[in-house]
Amino acid sequence: MATLPPWGRRARWLFGALLLVSLFVAIWDHQGRWHTPGAQWRHFAKLWLYWAVHLVGWLLPALWVSMWLSAKGLARLKLSLVFVLTVLGLWSSLIEPRWIAVRETTITGVPAQAQPLRLAVVADVHWGLFFRDHQLEALVEWLNAMDVDAVVVAGDWTYEPTLDLQTGLAPLARIRHPVWGVLGNHDVQAPGPDLTQALREALTQHGVRLLEGRVVPWKGWELVGLDDEWGGRPQAQIQALWPSGRVASAAPRLVVAHQPDTIEHLPAGAAFLSLSGHTHGGQIWIPGLTTWVLRHTSSPVHEWWNGLYDTPAGHLLVTPGIGMIGLPARLAVRPTIERIDLVH
């Protein structure tokens, strides 16, 4: 085995030391959080991975260079593959999750009785383990810089957040537009910690208007919110809001539901536009593998994962969201704010 140069040995020693430091930081950071029952250790491991990447990741290129210089032949080829995987890992963990995109969509054909609208739509913020306070502050700045009539949040506000929801979510109160939203599965224990009531109180206190089970007239439209598919009762709400499957309202409806599968239960022509998230657009896009995973975690009768779709109920926009679950990484699926123009 080839010997590392002195600076390479020092880099390896520093790597080990920082890896140990990241363990203690993760132990500290794991305290004072809402925890999903039975998942504390699994989420601790994810938190350690998060901190290890942030504290140690910058050393990996130096380690690779030191090993590549001291290797020969086939070993160098193997290290080249390791280098590619390392670069992808660092990009997906440190760069892409902070590289917010604004995707613009124009939908025509708004009925004459309704006003044209400009909306900013986000979902799956997942403030908590991987999406931090400074990122929430940056998201609010993005939204405030947009010329829109309202912000719509299609659920999953949290992911194992800190206990003080009131303080942590305080930046939302600074959004200068009206904010409408629903809760997602991670907000209603499906899966997730038992924070639903505390989250509702914090969001309401900071000016968020929750829509589940409600019809709210606004600018010639009706805003309709539905429960999460896994943790609520959206089908009962649909029966109450569209009695006997009839579309009786004269005003066009904007429907907000966390999971796109929920839209499958709506009667034909129920909404001019429905807004959903949940899928993260795959979050880590690996051709072939990601689509297989999505097919096995979504309804098998459709592929509503990312973008604008025509459904029997009406238009459906599925946003890839902002935050992360599972792994602290996004690859080829940038965090996205949707800018939607609804025009005559």
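The coordinates are above.
Everything numeric in this text was worked out from a predicted model, so none of it was measured.

Some thoughts on the packing of helix α1 (residues 6-30) against helix α2 (residues 40-56)
- Contact geometry for α1 and α2: axes closest at 8 Å, N-to-C directions at 135 degrees. Relative to α2, α1 is oriented oblique. For α1 against α2, the interelement crossing comes out right-handed. Residues F15, L18, L19, V21, S22, L23, V25, A26, I27, D29 and H30 of α1 pack against Q40, F44, L47, W48, W51, A52, L55 and V56 of α2.
- Broken down by class, the residue content of the contact of α1 with α2 amounts to 15 nonpolar, three polar and one charged.

Some points on the sheet that holds strand β12 (residues 307-311)
- Strand order across the open sheet formed by six strands is β8-β9-β10-β11-β13-β12, with mixed pairing between neighbours. If you trace the sheet from one side to the other, it starts and ends with β8 (215-218) and β12, each paired once. The mean angle between the axes of side-by-side strands here comes to 20 degrees, regardless of whether they run parallel or antiparallel.
- Note that β8 and strand β9 (residues 221-225) share four bridges and pair antiparallel. Bridging from a neighbouring strand, W218 pairs with W221 of β9.

Reading the values: the criteria
Residues numbered from 1 in each chain as written. Predicted model: local features only at pLDDT ≥ 70, side-chain atom pairs only at ≥ 80, totals over all residues. Heavy atoms only, no water. Axes fitted to C-alpha atoms, helices over the stretch in contact; angles between N-to-C directions. Helix = DSSP H or I, 4+ residues; strand = E, 2+ residues; numbered from the N terminus. Parallel < 35°, antiparallel > 145°, perpendicular 65-115°, else oblique. Left-handed = near helix turned anticlockwise from the far one by under 90°. Contact = heavy atoms within 4.5 Å. Nonpolar A, V, L, I, M, F, W, Y, C, P; charged D, E, K, R; others polar. Pairing = 2+ DSSP bridges.

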